[in-house]
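# Chain and residue survey
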Amino acid sequence: MTRRVGIVGLEHETNTFRPTLTPLSDFTVTRGDEILAERGSRTYAAGMIDGIEAIGAEVVPLVLASAQPSGAIAADAYRSLRDEIVAAVVSTPLDALVVQLHGAGVVDGVDDLEADLGAALRAAVGPDMPVLGSLDLHANLTAATLEHYDALTCVKFYPHTDMYDRGREAAEWVAHRWAGESFDTAVVQLPWLLLPTATSVDGTATAIQWCDEAELGDGVLDATFVHGFPIADGPQVGASVLVTTLRGRADAGALATDLARRLFGLRERCHVDMFEPAEAVRIAVEASS
């Protein structure tokens, strides 16, 4: 019998400095087979669809919700979206779940949307069902964010050219759980508020190189320097290192701690020049002429 993997998602990059809340009407919600229209694109959902099929499972598209970056999500809007997603999962026979997330979601009254949604999903499916997901590079991560997911993949590049790859990766990792393997995940926060910085900058490019080298280790599935999103102001904000390993084959905590120590030394190499608007326009015009 073919195993079934559900796709759900709730994605929002929150700017808590904006004075107005984000209402439900600002969200685009895609349901059921409409999600399959993502096929052939370079989105998280397209990667999830292909990844599920690559492990020989059936794609079960449920609910994807997202809104443009804006203020904290209104509490009633979040409850409505969360409850719809959970209800869709509960009412559908599934063998695993993949979740499209951002990592910098803030709700009026909830600092960490991803942690809250993870807790709701885990309560709905129980302790044994694989629940994996994808994250944006501009995620603010704590141990609480990861707690209720088996593992979370994270975009490595800005601009985000690898969303498809991370969505597919999350889906393909489900096969590890079905093979009887478990994950160890570790996140080490850094005392570093990093403004959105392209990964072509010397420091961030070096961070990717070091993380790629770490992934060559036996049992290391992922090592990512997560930039964070300071504009989602709150206790969870900041850059971090996220490491995922296969349990028993590599020490996720030790590797994340070592990478965090080394990467923190790259701070000065991640500097980005900031300009007044008029000067920025002049430079852009000169560069394009």
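Here the residue index of a chain counts from 1 through its sequence in written order. Side-chain atom pairs in this predicted model are given and counted only at pLDDT of 80 or more, local residue features only at pLDDT of at least 70, and totals for whole chains, interfaces and linings cover all residues. Where side-chain values are given, they derive from all heavy atoms of the structure, hydrogens and water being excluded.

### Brief notes about the overall build of the protein
Secondary structure elements follow DSSP: runs of H or I no shorter than four residues count as helices, runs of E no shorter than two count as strands, and numbering proceeds from the N terminus. Within the protein, the regular secondary structure consists of eight helices and nine strands. Computation of the radius of gyration draws on C-alpha atoms, with the globule rule given as 2.2 Å multiplied by the number of residues to the power 0.38. The C-alpha atoms of the protein give 19 Å as radius of gyration, which agrees with the globular expectation for 289 residues (19 Å, within 12%). Overall, the C-alpha framework of the protein stretches about 60 × 45 × 40 Å when taken along its three principal axes. Looking at the protein residue by residue over its 289 residues, the buried ones come to 52%. Contacts: residue pairs with any heavy atoms within 4.5 Å of one another. Nonlocal contacts in the protein, meaning residues at least 24 apart in sequence, comprise 78% of its contacts between residues at least 6 apart. Carbon and sulfur atoms make up 53% of the accessible area of the protein, which amounts to about 12,500 Å² in all. Averaging the positions of the 20 positive and the 42 negative side-chain charges in the protein gives two centres separated by 3 Å. Accessible area is worked out with a 1.4 Å probe on protein chains only. A residue is then buried under 20% of its type maximum, exposed over 50%, and partly exposed in between. In this description, accessible areas are obtained by the Shrake-Rupley approach with a 1.4 Å probe, and a residue is regarded as covered only by the protein chains that are shown. Note on charges: Lys and Arg go in the positive column, Asp and Glu in the negative column, and His and the chain ends are not counted at all. Charge positions are represented by NZ for Lys, CZ for Arg, CG for Asp and CD for Glu.

### Quick notes on the sheet that holds strand β4 (residues 96-100)
Strand-to-strand pairing in sheets goes through backbone hydrogen bonds, with the strands running parallel or antiparallel. Only strands that DSSP links by at least two bridges are regarded as paired with each other. Pairing is mixed across the open sheet formed by six strands, whose spatial order is β2-β3-β1-β4-β5-β6. At either margin of the open sheet sits one strand with a lone partner, and together these are β2 (28-31) and β6 (151-154). Each strand axis lies, on average, 15° off the axis of its neighbour in the sheet, ignoring direction. In the sheet, β2 pairs with strand β3 (residues 58-66) via four bridges, with the strands oriented antiparallel. When the bridges of β3 are listed, V29 appears paired with A65. What counts as an axis is a line fitted to C-alpha atoms, over the stretch in contact for a helix, and the angles between N-to-C directions run from 0 to 180 degrees.

### Here we look at the packing of helix α1 (residues 44-54) against helix α5 (residues 163-178)
As a packed pair, α1 and α5 sit with axes 6 Å apart at the nearest point and diverge in direction by 35°. α5 is crossed by α1, and the crossing has right-handed handedness. Counting all contacts with α1, which are made through Y44, A46, G47, M48, D50, G51, I52 and A54, the residues of α5 involved are M163, Y164, G167, R168, A171 and E172. In the contact of α1 with α5, the residues fall into eight nonpolar, three polar and three charged. Crossing handedness is defined as follows: a turn of the near helix away from the far one that is anticlockwise and smaller than a right angle gives a left-handed crossing, while the clockwise case is right-handed. Each residue receives one of three labels: charged for Asp, Glu, Lys and Arg, nonpolar for Ala, Val, Leu, Ile, Met, Phe, Trp, Tyr, Cys and Pro, and polar for the others, Gly being one of them.

### Observations regarding the sheet that holds strand β9 (residues 240-246)
Read across the open sheet, the three strands follow the order β7-β9-β8; overall the sheet is antiparallel. Either end of the sheet is taken by a strand with one partner, and the two such strands are β7 (183-189) and β8 (220-226). In this sheet, adjacent strand axes meet at a mean angle of 10° when their direction is disregarded. The pairing of β8 with β9 spans six bridges and is classified as antiparallel. Note that in β9 the partner of F225 across the bridge is V241. In the packing of α5 onto the sheet, the strands contacted are β7, β8 and β9, and the crossing angle to β8 comes to about 145°. Together, β7, β8 and β9 form the strand contacts of helix α7 (residues 252-264), whose direction differs from that of β9 by roughly 150°.

### Topic: the packing of aromatic side chains
Pairing of aromatic rings covers Phe, Tyr and the six-membered ring of Trp, with a centre-to-centre limit of 6.5 Å; geometry is then stacked below 30 degrees between planes, edge-to-face above 60, and tilted otherwise. Going through the model one piece at a time under the given rule, you end up with three aromatic pairs. Relative to F183, the ring of W173 has its centre 5.9 Å away and its plane inclined at 35°; by these criteria the two rings are tilted. Within this pair, whereas W173 is found in helix α5, its partner F183 is found in strand β7, the two being separated by ten residues in sequence. A residue is classified by how much of its surface remains accessible, and W173, at 5% relative accessible area, is buried.

### Examining the pattern of salt bridges
In the sections that follow, a salt bridge refers to a side-chain nitrogen of Lys or Arg positioned within 4 Å of a carboxyl oxygen of Asp or Glu. The tally for this structure, following the rule as stated, stands at 20 salt bridges. Note that D83 is salt-bridged to R82, the shortest N-O span being 3.4 Å. D150 is paired through a salt bridge with R122; the nearest N and O atoms lie 3.0 Å apart. A residue pair is termed long-range when its members are at least 10 positions apart, and D150 in the loop between α4 (143-146) and β6 and R122 in helix α3 (residues 113-125) qualify at 28 residues. Note on accessibility: D150 and R122 belong to one class, buried. If you follow the salt bridges from partner to partner, you end up with R82, D83 and D116 in one network.

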